[in-house]
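Examination of the molecular architecture
Here is how the chains run, residue by residue.
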Amino acid sequence: MDKTAFKIYLFTLVLSPLLFGAVHTYAYTIMYLGVLVGGLLLVIKNIQKDPKTKAYNVQFPRTSLNFTFLILLVFLFFQVIPLPDFLLEFLSPEAMVVARKSLPASITVISESPARDWFSLSPYYYPVRMSIIRWTVYVLFFLGLTQVLNSQRRIELTIFLILVTACFESLYGLAEAYSGSGHIWWFKKIPHGLDVTGTYINRNHLAGLMEMCLLLAAAYAGALSTRKIMREIISDHKASLRGRLSRFLSGEQRFNKRTLILFAGAVIGIGLVFSASRGGMISAAGAMLCMSLFFIFRKDHRRKGFIILFLFLIISVYALHIGAEYPIGRFKYFDMDIKTRARLAQKTMDMFDDYKVTGIGVGNFQYAYPKYQASEDKNVFIRHAHNDWVQFLAEAGIIGFCLFLAGIFYYVYQTLRLWRKRTDPFAICLGVAPLVVMTAMAIHSYSDFNLHIPANCLMLIAIMAIGYSALHLERHHGRDKTLYRYHTIHLKYKGILALLLVLGFIIWNGIWTIKHFMAEAFCNTVTNSTLNRDQHPPLEEIKEAIEKDRWNAEYWYKLARKLRENRDSKMGNLEVDDEDCHRYQMEIIGAMEEAVRLNPFKAGYHTQLGWEYAYLWKDPDYRHRWLPAADVSMKRATYFAGEKTPYLHVHLGNYWTFRSKTINPAKPEWETAWSKACWHYKKAQSLERGKRLADKIVRYVWKYYPDKEFVGKVLLTENQSLLDEMK
């Protein structure tokens, strides 16, 4: 089982970057299942029989990251478990507000007490569940890989495969960029330009991989130092010339290996430079400086700094020879891009201000951000803050962020403490690799989101496992073995329960990984730019997706849209009577209410649901239930709308224009509805200047109020000329 798990881990580690960085469903499913299967095999292997007591025990690795892994996993579950109202309001008042807006508006308008009393800290459960799976995979990968890296041979084999993969990424990316082909496997990049991306979609994510592998190459080259061998040869003045020559030649293999590693590092460094990622280059340089300082603090390894300097010189010479004008030229736009990222970070901090203590839910950023999005970024769907630090702060809050930092600081402290005790060059050089790689990713994460790329996060954890194993490697008389500490649990009562919980949790993650994949196979919601997936699948396939994973709100929204298309088609062909039309309408409302209940952040969901309520004008309860429910939905949509989409405000303005015609103009409610319509129309025009949008507004309002005086109230000053063009 040990060998099988090791092979599975290596296969997963190499394949993940090659499949577009494992950002697509099929790719990260393979990665997740590979790690989960490997972890399951090792848990079973660790069940052993004590030769003395004949009792069965189970062992779990005891590492400096165990507490961090466990406490953050508990925190993720805490974000999704239902809490009493008083506790939720105390921890996160905004989460309580959002949770109440997830209740069906058609019920809240006729019932004084809400349908549910308890809500979770995270208003949208589905992204947090996927975060739990990802975190579990990363935990199992670290614990499992450290366990199977139990010899120098395995450590070096893993490093070799990582560097070969990185060299391929670099050379493949260079060939595709500068040959004019511009492909990533079968996918044609549009536009491809001169950015080297390897098998990644984004150059910055290739740069993240390159900087980690470059640092690993430098550390491994230092671990293969022959200085000690050369000192022994020179100091052995009593030996014959033949004996000294023989001893010198015995170090030839190690010298050649180090030369090969330095060459691989140069190839990887060139890939980093020609990715044209400014954050990647700055991060790598900062981490190299950090590595140099580590070696300077050790008297016996100060000359290792020359290896790093030599590696930099090789990369620079090759890059200048090839022509690095384009990558260097991108620094001209550095200030402008920093300004954009600073704006994203500031808006993310605005989100944090609303969810300070426990966060909005890890994975919920892309759903909650539109409310806070700046007008400069209108019509752009932003999935990440381009700053992993502030994004995690907003998603996990002060509690989650402090737990994470405390865990990392403890890991760094324990690693440095062990590193200072070691004297073996192999342990010293590779033992520092995790620290410098973490430094590089910490710097790069200030301007990008590499840690949200599954392949890069897996690579970071692999290097951390390599460093951990190297620090625990003991070599005596030509034999080597890693000496780890383990938690030993006797398989009696509590021990059996603990084992069943671990096995059950691994299986639970595997089941939901498979269910998620099957659901996405029927109805695609995860972005996939490399496969031409049908974004509007048939009704039966959407229902199959919901059956596999009902917690994804997008499935319910697509179900409602498909039902609406079928209803409109049959109504257009006069194939349905009033009763069938009402049945269709209630099915659509049911699907939309479920979408809102699962994900209340989406303003578009509330808008669509509000219009569906408003279409029930033949229902006897229309005035008392459905029309007020439509008002509630539109108010909720306004709450989440922000400044992302001008046309969303047009739709909201259209509703309140329609709504004003259902109210007697003599009543104050009419003035309220008409004021809301004017506000939304003007908001839309302020976000998007132009005649086209204003013309749409004028045409809609004219249908209800064919009077230039009324129409003029919804236009900004620069659009008043439209009134003169109206017939």
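Residues numbered from 1 in each chain as written. Predicted model: local features only at pLDDT ≥ 70, side-chain atom pairs only at ≥ 80, totals over all residues. Heavy atoms only, no water.

Turning our attention to the overall build of the chain. Helices and strands together make up the secondary structure of the chain, namely 32 helices and seven strands. The buried share among the 727 residues of the chain stands at 55%. For the chain, the proportion of contacts with a sequence separation of at least 24, taken over those separated by at least 6, is 76%. Element-wise, carbon and sulfur atoms account for 62% of the exposed surface of the chain, whose accessible area totals about 33700 Å². (Helix = DSSP H or I, 4+ residues; strand = E, 2+ residues; numbered from the N terminus. Buried < 20%, exposed > 50% of the residue type's maximum accessible area, 1.4 Å probe, protein only. Contact = heavy atoms within 4.5 Å. Areas by Shrake-Rupley, 256 points an atom, 1.4 Å probe, with all protein chains shown as cover.)

A few words now on the packing of helix H1 (residues 2–18) against helix H7 (residues 125–148). It is at 10 Å that the axes of H1 and H7 come closest, and there the two elements cross at 125 degrees. By the angle between their directions, the pair H1 and H7 is classed as oblique. Once H1 is placed against H7, the crossing between them reads as left-handed. Note on element contacts: H7 touches H1 through Leu140, Phe141, Gly144, Leu145, Gln147 and Val148, opposite Asp2, Ala5, Phe6, Tyr9 and Leu13. (Axes fitted to C-alpha atoms, helices over the stretch in contact; angles between N-to-C directions. Parallel < 35°, antiparallel > 145°, perpendicular 65-115°, else oblique. Left-handed = near helix turned anticlockwise from the far one by under 90°.)

What follows is about the sheet that holds strand S7 (residues 486–490). Sheet strands line up and pair through hydrogen bonds in the backbone, either parallel or antiparallel. Read across the open sheet, the three strands follow the order S1-S2-S7; overall the sheet is antiparallel. Every other strand in the sheet has two partners, leaving strand S1 (47–49) and S7 as the edge strands with one partner each. On average, adjacent strands in this sheet sit at an angle of 35 degrees to one another, irrespective of strand direction. Pairing analysis gives three bridges linking S1 to strand S2 (residues 56–61), with the strands arranged antiparallel. By the bridge assignment for S2, Lys49 is matched with Tyr56. (Pairing = 2+ DSSP bridges.)

Residue Ala276 is not a glycine yet carries a positive backbone phi of 60 degrees. Relative to the elements of secondary structure, Ala276 occurs in the loop between helix H12 (252–274) and helix H13 (278–296). By relative accessible area, Ala276 is classed as buried at 0%.

This paragraph deals with the pattern of salt bridges. Under the defined criterion, the tally for this structure stands at 18 salt bridges. Taken together, the shared-partner salt bridges in this structure form one network comprising Arg564, Arg567, Asp568 and Glu612. (Salt bridge = Lys/Arg side-chain N within 4 Å of Asp/Glu carboxyl O.)

A residue-level look at the chain finds 88% of positions with pLDDT of 70 or above and a mean pLDDT of 86. pLDDT under 50 marks residues 226–238. Its contacts with residues more than four places away, or in other chains, come to 15 contacts. (pLDDT = per-residue confidence, 0-100.)

If you add up the space inside the second largest pocket, you get close to 790 Å³. Lining the second largest pocket are 27 residues; nearest its centre among them are Phe60, Leu70, Val139, Leu143 and Val502. Its residues placed into classes, the lining of the second largest pocket shows 20 nonpolar, seven polar and no charged. (1 Å grid on protein atoms, 1.4 Å probe; cavity = no way out; pocket = protein on both sides within 12 Å on 5 of 7 lines; lining within 4 Å. Points joined across faces, edges and corners; volume = space filled by probe spheres on them. Nonpolar A, V, L, I, M, F, W, Y, C, P; charged D, E, K, R; others polar.)

Of all hydrophobic cores here, the largest spans 211 residues; its most connected members are Phe141, Phe142, Met351, Leu430 and Tyr655. It is helix H9 (residues 203–223) that contributes the most residues to this core, 15 residues altogether. Each residue touching Met351, except ones within four places of it in the same chain, is listed here: Ile360, Phe365, Ala368, Tyr369, Tyr372 and Ala394. (Core = buried A, V, L, I, M, F, W, Y, C linked by side-chain atoms within 4.5 Å.)

On to the state of the cysteines. In this structure the tally under the stated criterion is zero disulfides. Cys167 carries a free sulfur, and the closest cysteine sulfur to it, the one in Cys213, is 8.6 Å from it. (Disulfide = S-S within 2.5 Å.)

In this fold, Ile30 is placed in helix H2 (residues 25–45). The class of Ile30 is partly exposed, set by a relative accessible area of 38%. Residues Ile30 and Phe517 lie 487 residues apart in sequence; the distance between their C-alpha atoms is 9.8 Å. Setting aside residues no more than four positions away along its own chain, Ile30 makes contact with Leu15 and Leu19.

What sits between S1 and S2 in their antiparallel hairpin is a turn of six residues, with Lys54 showing a positive phi close to 65 degrees. Strand direction decides the pairing type here: S2 and S7, joined by five bridges, are antiparallel. Directly across from Val58, in S7, lies its bridge partner Ile489.

Between its first and last C-alpha, helix H18 (residues 388–421) extends only 33 Å over 34 residues, short of the 50 Å set by a 1.5 Å rise per residue. Capping of H18 at its N-terminal end is provided by Asn387; its side-chain oxygen lies 3.0 Å from the backbone amide nitrogen of Trp389. (Expected span 1.5 Å × (residues − 1). Polar contact = N/O pair within 3.5 Å; in protein donor to acceptor, adjacent residues only side chain to side chain.)

Another aspect to go through is the environment of Trp389. Considering the arrangement of structural elements, one finds Trp389 in helix H18. Sequence spacing of Trp389 and Ser447 is 58 residues, and the spatial spacing of their C-alpha atoms is 9.3 Å. Discounting chain neighbours no more than four positions away, the residues touching Trp389 are Phe401, Phe404, Leu405, Ala442, Ser445 and Tyr446. At a separation of 3.0 Å, a polar atom in the side chain of Trp389 contacts the main-chain carbonyl oxygen of Ala442.

On to a positive patch on the surface. A contiguous patch of positive charge, built from Arg62, Arg417, Lys421 and Arg485, is present on the exposed surface. Along the chain, the position of Arg485 falls in the loop between strand S6 (479–482) and S7. (Patch = residues over 30% accessible without salt bridge, like charges linked within 9 Å, V, L, I, M, F, W, Y side chains within 5 Å. Lys, Arg positive; Asp, Glu negative; His and termini not counted. Charge placed at Lys NZ, Arg CZ, Asp CG, Glu CD.)

Quick look at the packing of helix H28 (residues 646–660) against helix H29 (residues 668–687) now. Close contact between H28 and H29 brings their axes to 8 Å; oriented N to C, the two are set at 160 degrees. Comparing the axis directions of H28 and H29 gives the class roughly antiparallel. Once H28 is placed against H29, the crossing between them reads as left-handed. Residues Pro646, His649, Val650, Leu652, Gly653, Asn654, Trp656, Thr657 and Ser660 of H28 touch H29, and the partners they reach there are Trp670, Ala673, Trp674, Lys676, Ala677, Trp679, His680, Tyr681, Lys683, Ala684 and Leu687.

Attention now goes to the side chain of Thr25. Checked against the element boundaries, Thr25 lands in helix H2. The residues contacting Thr25, other than those within four sequence positions of it, are His516, Phe517, Glu520 and Val526.

Tallied over the full model, the rule gives 36 aromatic pairs. Measuring from ring centre to ring centre gives 5.5 Å for Phe294 and Trp419, while their planes differ by 75 degrees; the resulting arrangement is edge-to-face. Separated by 125 residues along the polypeptide, Phe294 in helix H13 and Trp419 in helix H18 bring together distant segments of the chain. An identical accessibility class is assigned to Phe294 and Trp419; each is buried. Pairing Phe392 with Phe401 gives two aromatic rings, centres 6.3 Å apart and planes at 45 degrees, and the pair type is tilted. Residue classification places Phe392 among the partly exposed positions, given a relative accessible area of 22%. (Phe/Tyr/Trp six-rings, centres within 6.5 Å; stacked < 30°, edge-to-face > 60°.)

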